[in-house]
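Given next are the chains, with one letter for each unit.
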Amino acid sequence: MTQILLIGGSDNSGGAGVYADMETVYGLGAKPTFAITAITAQSDHLFFHTHTVPSKTLKAQLQATEMNQVGAIKIGMLPNKESIGVVSEFLSEHSEIPSVLDPVFTSSSGGTLSSYEGIASLGSQLFPLINIITPNILEACRLTKLGCVQKEDLETLAHACRKMGANAVLVKGGHLPGNHCVDFLLSKDRGNCFFERKRIPGGTEVRGTGCRLASAIAYHLAMGYNIMESVDRSCRYLSSYIEERVQGI
Ligand code: PLP
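Quick caveat: nothing in here was measured; it's all calculated off a predicted structure.

Q: Describe the overall build of the protein chain, naming the residues involved and giving the relevant values.
A: Broken down by element type, the protein chain carries eight helices and nine strands. In summary, the protein chain has a C-alpha radius of gyration of 16 Å against a globular reference of 18 Å for 249 residues, a match within 12%. A principal-axis box enclosing the C-alpha atoms of the protein chain has dimensions of 45 × 40 × 40 Å. Counting every position in the protein chain, which comprises 249 residues, the buried fraction comes to 54%. Here the protein chain displays about 11,300 Å² of accessible surface, and carbon together with sulfur accounts for 51% of that area.

Q: I'd like a description of the pattern of salt bridges, backed by residues and values.
A: Tallied over the full model, the rule gives eight salt bridges. For the salt bridge of Glu 196 with Lys 151, the shortest nitrogen-to-oxygen distance reads 3.6 Å. Placement of the pair is Glu 196 in strand E9 (residues 191-198) and Lys 151 in helix H6 (residues 151-163), with a sequence separation of 45 residues. Judged by relative accessible area, which is 31%, Lys 151 ranks as partly exposed. Each member of the salt-bridge network shares a partner with another, and the members are Asp 11, Asp 44 and Arg 207.

Q: So what about helix H3 (residues 81-92)? Which residues, and what values?
A: A rise of 1.5 Å per residue sets the reference length of H3, with its 12 residues, at 16 Å; its end C-alpha atoms lie 16 Å apart and thus fit the reference within 8%. Turning to H3, its buried residues are Ser 83, Ile 84, Val 86, Val 87, Ser 88, Phe 90 and Leu 91. The elements touched by buried residues of H3 are strand E1 (3-11), helix H2 (55-64), strand E4 (70-75), strand E5 (99-101) and helix H4 (116-125).

Q: With reference to specific residues and values, describe the environment of Thr 50.
A: Topologically, Thr 50 is positioned in strand E3 (residues 47-52). Given the relative accessible area of 32%, Thr 50 is considered partly exposed. Each C-alpha atom of the pair Thr 50 and Asp 21 lies 19 Å from the other, and the pair is 29 residues apart in sequence. Thr 50 has contacts with Ala 38, Ile 39, Thr 40 and Met 77, leaving out every residue within four places of it along the chain.

Q: Which residues make up unusual backbone geometry, and what are the values?
A: Although it is not a glycine, Lys 145 adopts a positive phi angle of roughly 60 degrees. Tracing the backbone through its elements, the reader meets Lys 145 in the loop between helix H5 (137-144) and H6. For Lys 145, a relative accessible area of 72% puts it in the exposed group.

Q: Give me the site of the ligand: which residues, what numbers.
A: Close to the ligand lie 13 residues; Gln 42, Ser 108, Arg 207, Gly 208 and Cys 211 are nearest. A distance of 3.0 Å is found between an oxygen atom of the ligand and a side-chain nitrogen or oxygen belonging to Arg 207. Between the ligand and Gly 208, the relevant distance is 2.8 Å, taken from an oxygen atom to a main-chain nitrogen or oxygen of the residue. Considered on its own, the ligand offers 390 Å² of accessible surface; in the complex 89% of this is hidden by protein. Residue composition of the shell around the ligand, grouped by class: five nonpolar, seven polar and one charged.

Q: Run through the packing of H3 against H4, naming residues and quoting values.
A: Think of two packed helices as two axes; the pair is described by the angle between the axes and how far apart they sit. Between H3 and H4, the shortest axis-to-axis distance is 8 Å and the interhelical angle comes to 20 degrees. Compared by their axis directions, H3 and H4 come out roughly parallel. H3 and H4 meet at a crossing whose hand is right-handed. Here Lys 81, Ile 84, Gly 85 and Ser 88 of H3 lie close against H4, whose contacting residues are Glu 117, Gly 118, Ser 121, Leu 122 and Gln 125.

Q: How would you explain the side chain of Thr 24 if you had to name every residue and give the values?
A: Looking at where Thr 24 falls in the secondary structure, it is placed in helix H1 (residues 17-28). With a relative accessible area of 0%, Thr 24 lands in the buried category. A polar atom in the side chain of Thr 24 sits 2.8 Å from the backbone oxygen of Ala 20. Leaving out residues up to four positions away in the same chain, Thr 24 has contacts with Arg 212, Ser 215, Ala 216 and Tyr 237.

The rules behind each value
Residues numbered from 1 in each chain as written. Predicted model: local features only at pLDDT ≥ 70, side-chain atom pairs only at ≥ 80, totals over all residues. Heavy atoms only, no water. Helix = DSSP H or I, 4+ residues; strand = E, 2+ residues; numbered from the N terminus. Rg over C-alpha atoms; globule rule 2.2 N^0.38 Å. Buried < 20%, exposed > 50% of the residue type's maximum accessible area, 1.4 Å probe, protein only. Areas by Shrake-Rupley, 256 points an atom, 1.4 Å probe, with all protein chains shown as cover. Salt bridge = Lys/Arg side-chain N within 4 Å of Asp/Glu carboxyl O. Expected span 1.5 Å × (residues − 1). Contact = heavy atoms within 4.5 Å. Near = heavy atom within 4 Å. Polar contact = N/O pair within 3.5 Å; in protein donor to acceptor, adjacent residues only side chain to side chain. Nonpolar A, V, L, I, M, F, W, Y, C, P; charged D, E, K, R; others polar. Axes fitted to C-alpha atoms, helices over the stretch in contact; angles between N-to-C directions. Parallel < 35°, antiparallel > 145°, perpendicular 65-115°, else oblique. Left-handed = near helix turned anticlockwise from the far one by under 90°.

As structure tokens, then:
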């Protein structure tokens, strides 16, 4: 069975982070394997605490992973510059394996997930080693120091991320107002494309959607789909997940 290596932080509420990644990967029919970067304590509404896993321990988890079984790598929370350094060294030794980075900086429960220095070093240290990055508008604005008020700005943000070294960028536009959610994909070899779907009422209440989308993209890349197909299939997977959750909330 294909394995997906999940590098990221744990969220004890189970709403986001590697537990959300794990659910996605199992749900799609692959096996997750883990390297934990931080342990966070949070509920759906409050952020209590975060503990950064020491670089030595993160490195040991990566060294212990049987990479010949891994079909793709998904990276989420990277708490500081040191953890980014460890992951970037690891990725440069495994450049043949497709990778997805969801650059997360804050949680909806109000916590800070990455240090200022960490965020500033992401472009130079990590972007060129990753097949696709998946920032939402807020993250893309923070990375590029640009603004975003309309659909067309998603393209500008994606091009700016590419200039920072990213090979492909999916800017998730769900924070823009309107009845539809629009994401923009810019990739090196496959051109660019808007993905548009009807907004699901109550969908913003569902946590961990960014984690789940990036994990689903990693799964589809591991299955041999190209970036465009992987994003398309993963967006449809996420919409069904959100619809199910909204009905259950
Ligand atoms: N907590 C952890 C550990 C995460 O990795 C993430 C996202 O990747 C979040 C929280 C943020 O999720 P949400 O915005 O749904 O709170």
